[in-house]
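Observations on the model geometry
Each chain is listed here by its residues.
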2 protein chains.
Amino acid sequence: MRIIIIGSVAAGTSVAAKARRNNIENEIVIYERDTDISYSVCGLPYYIGEEYITRENLNPRNSEWFKKRFDIDIKTGHEVIKIDSEKKELEIKNLQTGEIFCDSYDILVLATGAVPVRAKIEGIESENIFILRNIISADKIKKYIKKYKPVSAVIIGSGFIGMELAENLVKKGIQVSVIEAVGQVMPSYDYEMSSYIKKELIEHKVQVLTEEKVVKIDKQAGTILTDVGRAVAADMVILSAGVKPEVRLAVQAGIEIGSTGAIKVNRKMETSINGIYAVGDCAESYFLIDGTPCYRPMGSTANKTGRIVGDIITGGDLSFRGILGTGIVKVFDLTCGQTGYTETEAKKAGYDVEIIHNIKPNQTEYFEGSSEMVIKAVADRKSERLLGVQIIGKKGVDKRIDVFATAITFGAKVGDLAHLDLAYAPPYSTTKDPVMYTGMILENALNRGRKIITIQDLIKNRTSFTVIDVRSNKDFEKGHIEGAINIPLGNLKEKAMEFSKKESIVVHCNKGVTGNAAQNLLINLGFTNVYNLSGGYKEYKQETK
Amino acid sequence: MRIIIIGSVAAGTSVAAKARRNNIENEIVIYERDTDISYSVCGLPYYIGEEYITRENLNPRNSEWFKKRFDIDIKTGHEVIKIDSEKKELEIKNLQTGEIFCDSYDILVLATGAVPVRAKIEGIESENIFILRNIISADKIKKYIKKYKPVSAVIIGSGFIGMELAENLVKKGIQVSVIEAVGQVMPSYDYEMSSYIKKELIEHKVQVLTEEKVVKIDKQAGTILTDVGRAVAADMVILSAGVKPEVRLAVQAGIEIGSTGAIKVNRKMETSINGIYAVGDCAESYFLIDGTPCYRPMGSTANKTGRIVGDIITGGDLSFRGILGTGIVKVFDLTCGQTGYTETEAKKAGYDVEIIHNIKPNQTEYFEGSSEMVIKAVADRKSERLLGVQIIGKKGVDKRIDVFATAITFGAKVGDLAHLDLAYAPPYSTTKDPVMYTGMILENALNRGRKIITIQDLIKNRTSFTVIDVRSNKDFEKGHIEGAINIPLGNLKEKAMEFSKKESIVVHCNKGVTGNAAQNLLINLGFTNVYNLSGGYKEYKQETK
């Protein structure tokens, strides 16, 4: 059997390696347009910023290695220009010689990846405009920085690559501006969570411009112009406005494209044409929670789908179970992680959601180096399933995101989380882990009448609520929600009679715990409509400043 | 309703706080023998070693706080000396005045905790013999160190408290010896995993004596004597030989004690006597995987069971789902984590187990600060469920243990792990997380004939196997398994014909990956009995040195 794979970065080489592990009889050939293969795309921003990361680090394996280790033929510098799925034939162009030749396959795997979204901007073809998409383009950026020592750089787009680039260019001593067309950085996060990321950028002297579009790149002046008429210094510009699936070949071959714009595949990663599979960034994915098609190009998914197809085409029984859109990015000293649905996505998908914000230390607070995480969790009120989590903090974020991702994968209900037997010792966690607290707050909100209101919902309906701030008088004096009444928790029991038991009351403290105590007290006193403020005054300040 | 709780460290105060959150009508009284309440027992070793950790850090809440915040009466210095469960009455001694009085309850909760196991050793009553069990005893140790500046210390016992003490005494400049009666340190780990911990101790100049018992403490000479006639310098001695449940009151009251020696409870934490509950370190626990009773006194479980009982006695519907024995301990630069069954425990429990060792970096290897973890996983061959995991490494251990614990809780089969959508970016993980690799190796072993043999099984049956070392000639020359044949992977295909296809062959590389490639190759060539060596030569060296 002759297996041909188009593309050899993460997904393509995973297909080939797994197929070979399962079977040594098949011929396995990969055609690759570029010169580099099987490299770490995710490492590219760090390759630019860190001297210690070398080309060999990112790209330790070449065609010779694959030939020797796996008897896989990788033909770089070869572009497949046509698929004839009837005859099971390909037309291929040798990019060096220009020669065009045919090859035939029994099984074809498309691993054509993604291509950067290119905005239509005047002057975008200048030589100081870069797009980071492979090692060659990273090398261009590195060389430019070394040669021209740019003082300023503009990054267009603020997804995770944009964030990593910002940090790595700042490391190089460059004044960085990030320009994002929508109203927030890191658009995959809910707005208020992204505001923590924006703050971190600003603290590291990155200029952040949101809801602004670059309309012109003026190489001569060394500036860019935005649609609000602002000029921003830009000795170099990096386009990082996301990617779209590379589906040109698939379209030419008549393969069905999904609603997301990526190649439609079933759980066996089969395309609409028999014998043709698609993997990695060119293929559509499924949301694990409810099977909704989605497009989330990620290195981890590319590897996973590659391995699965490698297995399937050699007789294995693996299939793709879908994704949670789990992602993580380091933004200077912050770690930002997410898994499952955001509030925005969950609402859009039609869920009736319960939302909570939970601010907790990553480890025992008295232990050196302890720092806070802000955890936002989204649950489905009907099924009580956890739908998604976003976490921002300096430490311990990656751990909790992976625990939440695992729990969601197995269909965890919010009430399951507090029962987890997680590892506790002072250097690693708190006696009850933040994951457990998150579950407790959600369960209390869903099943025990401990309702939670988000800052945004409070602001929207401010006049409908009496707000009781149960912090100390001193804290209250330093700043408080407008119109809030200050009753420190210790005095609440006696003062409670001043309110009607049917009044809609929002209580809050600084981060939520004492607010919860106040809420319990009022509910136990017979109050019927008491909310605790999600994330407390701390989150309020973050969201309203 | 009058709720009386006996004991006020972690479990007792959790009961009280949760009961109050649910209901403000009940009277809640706690009797506590000691003076301190609600403190972090797990922080005590660090309180000894770190100047920056204060008494207030460990013990931020006193009786006044509980009275004011929760209207809970905590009577310290009061020992309950008798329970009359017929009359629902208690006899209590005020330890300060000697006065004895009665109190009556509607619901009684035993949170009497655990007491240190005291070995019978000559001279054990000397004043330089310490037991770390509460803040007062920690203060005694701190004062002794400050006043007498001991040069040497002996720690008797090597459980997690012993390990934390060793590190914290070394921080104080003390020459530490750890003496352990059984044949390994950290007896809750499988032997070969504990050997990594022993190595770490030795590297930090801790003298480690296993399979040795202290028989005499000679205060005069400043030494201890062991049962092999060894004298060890000991300006101070800390007994840390584990704890046993404090069940004297329960026994007096006629409450049933379980097979583990702790108070027997059902899933609602009810003892054998109606209206009496037990929580925390005095109560028996259940293994979540199969319901087997066990005794694992842990702060996290104490908090959990306390909260559950606080809910149950006020009409809530929580129940205890059992534990995985998840634990974590920092031993100098190492983190050692475990969850679920060890190999020893699983075999004892009657499982037919698959065992693998997986050596993997915590993050992308080219990223600064990357370091290796050794992961040992135990699976049930019959059900394919993951039963337990032990991990030793410098970084990322706590994350993977919590992910594994979560997966085991939800009944994960080994084949589920590779499908997890975990968070990947170079600073946090590898494209396939070590959790996923662990699942893949186990699944390949169970379902795809990629059998794994442990070092110990190979050693035991050495003559039954042909061992092929597929590393380079250079690595082979530096050291190899006796009698192994060196065939680098690249040459294996052509040399394979020299062996019989029915031969029992063990292949191995350094850590397992190339060994797996060799195994795949031989199996694909028609060999029927090929094992990959668990953990490779690296693990072999660790286990046999």
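Refer to the structure presented above.
The structure reproduced in this document is the subject of the present report.

**Here's the deal with the sheet that holds strand β25 (residues 386-393) of chain A**
All names here are of chain A. Pairing is antiparallel across the open sheet formed by 5 strands, whose spatial order is β21-β22-β25-β24-β23. Across the chains shown, the open sheet's two edge strands, defined by having one partner strand only, are β21 (327-331) and β23 (353-361). Strand-to-strand twist across the sheet, computed as the mean angle between neighbouring axes with direction ignored, equals 10 degrees. In terms of strand pairing, strand β22 (residues 334-340) meets β25 through 6 bridges, oriented antiparallel. If you follow T335 over to β25, its bridge partner there is G393.

**A word on the pairing of strand β4 (residues 78-84) of chain B**
Residue and element names in this part refer to chain B. Note that β4 and strand β5 (residues 89-94) share 6 bridges and pair antiparallel. Directly across from E79, in β5, lies its bridge partner K93. Hairpin connection from β4 to β5: 4 residues lie between these consecutive antiparallel strands, with K88 at a positive phi of about 55 degrees.

**A closer look at a positive patch on the surface**
Judged by side-chain charge, K198, K199, K394, K541 and K545 of chain A come together as a positively charged surface patch. Its location among the elements puts K541 of chain A in helix α17 (residues 536-544).

**With respect to the packing of helix α11 (residues 397-409) of chain A against helix α11 (residues 397-409) of chain B**
Running from N to C, α11 of chain A and α11 of chain B point in directions that differ by 15 degrees, and their axes come no closer than 9 Å. Put simply, α11 of chain A runs roughly parallel to α11 of chain B. The hand of the α11 of chain A/α11 of chain B crossing is right-handed. Residues D398, K399, D402, V403, T406 and A407 of chain A of α11 of chain A touch α11 of chain B, and the partners they reach there are D398, K399, D402, V403, T406 and A407 of chain B. Partitioning the contact of α11 of chain A with α11 of chain B into residue classes produces 4 nonpolar, 2 polar and 6 charged.

**Quick word on the packing of aromatic side chains**
Residues and elements named next belong to chain A. One pass over the full model with this rule turns up 23 aromatic pairs over all chains. With a centroid separation of 4.3 Å and 25 degrees between ring planes, the pair formed by F287 and Y341 is classed as stacked. In this pair, F287 is assigned in the loop between β19 (285-286) and β20 (293-294) and Y341 in the loop between β22 and α10 (343-348), connecting sequence segments 54 residues apart. Looking at F287, the relative accessible area reads 3%, which means it is buried. Under the relative-accessibility criterion, Y341 is labelled buried at 6%. Following the ring pairs from residue to residue traces out a cluster consisting of W65, F66 and F70.

**Let's talk about the nonpolar core**
I83 and L110 of chain A together with I83 and L110 of chain B are the most contacted members of the largest nonpolar core, which totals 187 residues. In contact with L110 of chain A, other than residues within four places in its own chain, are I6, I83, A250, I255, I263, I276, Y277, A278, V279 and C282 of chain A.

**Side note on empty space enclosed by the protein**
Residue and element names in this part refer to chain A. One pass over the structure, following the stated rule, counts 7 cavities of 30 Å³ or more. Roughly 80 Å³ of internal volume is contained in the largest cavity. The wall of the largest cavity is formed by 14 residues, among which G280, A283, S285, R296 and T301 lie closest to the centre. In terms of residue count, the dominant contributor to the lining of the largest cavity is helix α9 (residues 299-312) (3 residues). Split by residue class, the lining of the largest cavity holds 7 nonpolar, 4 polar and 3 charged.

**Remarks on the interface of chain B and chain A**
One widely used convention gives an interface's size as the accessible area the parts lose upon coming together. Listed as interface residues are 83 residues of chain B and, on the opposing side, 83 residues of chain A. For the pair chain B and chain A, the summed buried area comes to about 7,300 Å², and 56% of that belongs to carbon and sulfur atoms. Considering only the surface of chain B that becomes buried against chain A, Y366, H419 and D421 of chain B emerge as the three largest contributors, covering 12% of it. At the boundary of chain B and chain A, one finds 10 salt bridges.

**Here's the deal with the pattern of salt bridges**
All names here are of chain A. As enumerated under the stated definition, the model contains 67 salt bridges over all chains in all. In this structure, D352 engages R381 in a salt bridge whose closest nitrogen and oxygen atoms are separated by 2.9 Å. Of this pair, D352 sits in the loop between α10 and β23 while R381 sits in the loop between β24 (372-380) and β25; the two residues are 29 residues apart in sequence, bridging distant segments of the chain. Members of the salt-bridge network, linked through shared partners, are D190, E192, E343, K347 and K376.

**Some words on helix α16 (residues 513-524) of chain B**
A rise of 1.5 Å per residue sets the reference length of α16 of chain B, with its 12 residues, at 16 Å; its end C-alpha atoms lie 17 Å apart and thus fit the reference within 8%. If you check which residues of α16 of chain B are buried, you get G515, N516, A517, A518, Q519, N520, L521 and L522 of chain B. Taken together, the buried residues of α16 of chain B touch α1 (11-22) and α4 (63-70) of chain A together with β26 (451-453), α15 (489-495), β29 (505-508) and β30 (530-533) of chain B. Within two residues after α16 of chain B, G526 of chain B carries a phi angle of roughly 105 degrees, on the positive side.

**Regarding the relation of the copies chain B and chain A**
Mapping chain B onto chain A calls for a screw motion: a turn of 180 degrees about the axis and a shift of 0.0 Å along it, with 0.0 Å RMSD after fitting. Here the copies are linked by what is in effect a two-fold axis.

**Remarks on the side chain of T339 of chain A**
All names here are of chain A. Looking at the secondary structure, you find T339 in strand β22. What makes T339 buried here is its relative accessible area of 0%. Among the polar contacts made by the side chain of T339, one reaches the side chain of T326 at a distance of 2.8 Å. Setting aside chain neighbours within four positions, we find T339 in contact with L324, T326, L387, G388, V389, I401, F404, A405 and I408.

**Quick notes on the environment of K304 of chain B**
The residue K304 of chain B is located in helix α9 (residues 299-312) in this model. Taking the C-alpha atoms as reference, K304 of chain B lies 36 Å from T454 of chain B; in sequence the two are 150 residues apart. If near-sequence neighbours (up to four positions away) are discounted, K304 of chain B is found in contact with A418, H419, L420, D421 and M436 of chain A together with F320 of chain B.

**A short note on α4 of chain A**
Each α-helix turn comprises 3.6 residues. Residues three or four places apart therefore point the same way. Residues and elements named next belong to chain A. Among all positions of α4, only S63, F66 and F70 are buried. In a view along the axis of α4, the buried residues occupy a sector of 75 degrees, so they form one face of it. Away from its buried face by more than 90 degrees, α4 exposes E64 and K68. Elements that come into contact with the buried residues of α4 comprise α1 and β3 (73-76). Of the residues trailing α4, D71 is marked for its positive phi of about 55 degrees.

**Focus: the environment of S429 of chain A**
All names here are of chain A. Tracing the backbone through its elements, the reader meets S429 in the loop between α11 and α12 (434-447). C-alpha separation for the pair S429 and G396, spaced 33 residues apart in sequence, amounts to 8.4 Å. Setting aside residues up to four positions removed in sequence, S429 forms contacts with N362, Q363, T364, K399, R400, A423, Y424 and P434.

**With respect to the packing of helix α7 (residues 191-203) of chain A against α17 of chain A**
The description of two helices packed together rests on the angle between their axes and the distance between the axes. All names here are of chain A. At their nearest, the axes of α7 and α17 sit 9 Å apart, and the two run at 70 degrees to each other. The angle between α7 and α17 places the two elements in the roughly perpendicular class. For the pair formed by α7 and α17, the contact residues are E192, S195, Y196 and K199 on the first element and E539, Q542 and E543 on the second. For the contact of α7 with α17, the class distribution of residues is 1 nonpolar, 2 polar and 4 charged.

Scoring rules and cut-offs
- Residues numbered from 1 in each chain as written.
- Chains lettered and ligands numbered in written order.
- Predicted model: local features only at pLDDT ≥ 70, side-chain atom pairs only at ≥ 80, totals over all residues.
- Heavy atoms only, no water.
- Pairing = 2+ DSSP bridges.
- Helix = DSSP H or I, 4+ residues; strand = E, 2+ residues; numbered from the N terminus.
- Axes fitted to C-alpha atoms, helices over the stretch in contact; angles between N-to-C directions.
- Patch = residues over 30% accessible without salt bridge, like charges linked within 9 Å, V, L, I, M, F, W, Y side chains within 5 Å.
- Areas by Shrake-Rupley, 256 points an atom, 1.4 Å probe, with all protein chains shown as cover.
- Salt bridge = Lys/Arg side-chain N within 4 Å of Asp/Glu carboxyl O.
- Lys, Arg positive; Asp, Glu negative; His and termini not counted.
- Charge placed at Lys NZ, Arg CZ, Asp CG, Glu CD.
- Parallel < 35°, antiparallel > 145°, perpendicular 65-115°, else oblique.
- Left-handed = near helix turned anticlockwise from the far one by under 90°.
- Contact = heavy atoms within 4.5 Å.
- Nonpolar A, V, L, I, M, F, W, Y, C, P; charged D, E, K, R; others polar.
- Phe/Tyr/Trp six-rings, centres within 6.5 Å; stacked < 30°, edge-to-face > 60°.
- Buried < 20%, exposed > 50% of the residue type's maximum accessible area, 1.4 Å probe, protein only.
- Core = buried A, V, L, I, M, F, W, Y, C linked by side-chain atoms within 4.5 Å.
- 1 Å grid on protein atoms, 1.4 Å probe; cavity = no way out; pocket = protein on both sides within 12 Å on 5 of 7 lines; lining within 4 Å.
- Points joined across faces, edges and corners; volume = space filled by probe spheres on them.
- Buried area = accessible area lost by both parts, 1.4 Å probe.
- Expected span 1.5 Å × (residues − 1).
- Least-squares fit on C-alpha atoms with pLDDT ≥ 70 in both.
- Polar contact = N/O pair within 3.5 Å; in protein donor to acceptor, adjacent residues only side chain to side chain.
- Arc of directions from axis to C-beta.

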